[in-house]
Amino acid sequence: MIKPDKKSSNKSYEDLKEENDYLKAKIAYLEKLDAFVQRKKKFQTKKKHK
């Protein structure tokens, strides 16, 4: 079993759940942004070759 850090032990379950939800949303946003950038790069390289 992992022992919680002293900092995290002061947070309540609701605070941790809220932080977890925020981080999940941030990851989803960054993944979508990365996919957009990859598509944009792919489109630009195809456009240059023609």
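Quick notes on the rules
Residues numbered from 1 in each chain as written. Predicted model: local features only at pLDDT ≥ 70, side-chain atom pairs only at ≥ 80, totals over all residues. Heavy atoms only, no water. Salt bridge = Lys/Arg side-chain N within 4 Å of Asp/Glu carboxyl O. Buried < 20%, exposed > 50% of the residue type's maximum accessible area, 1.4 Å probe, protein only. Helix = DSSP H or I, 4+ residues; strand = E, 2+ residues; numbered from the N terminus. Patch = residues over 30% accessible without salt bridge, like charges linked within 9 Å, V, L, I, M, F, W, Y side chains within 5 Å. Areas by Shrake-Rupley, 256 points an atom, 1.4 Å probe, with all protein chains shown as cover.

Draft legend 1. Region of the structure containing the pattern of salt bridges. Counted under the stated rule, the structure contains two salt bridges. The partner of Glu19 in a salt bridge is Lys11, with the nearest N and O atoms 2.8 Å apart. By relative accessible area, Glu19 is classed as partly exposed at 33%. Overall, the relative accessible area of 38% leaves Lys11 in the partly exposed class. Residue Lys17 pairs with Asp21 through a salt bridge whose shortest N-O separation is 3.5 Å. Of this pair, Lys17 and Asp21 both sit in helix α2 (residues 13-49), four residues apart, which is roughly one turn of the helix.

Draft legend 2. Looking closely at a nonpolar patch on the surface. A contiguous nonpolar surface patch, about 460 Å² in accessible area, is contributed by Tyr29, Leu30, Leu33, Phe36 and Val37. Leu30 gets classed as partly exposed once you look at its relative accessible area, which sits at 45%.

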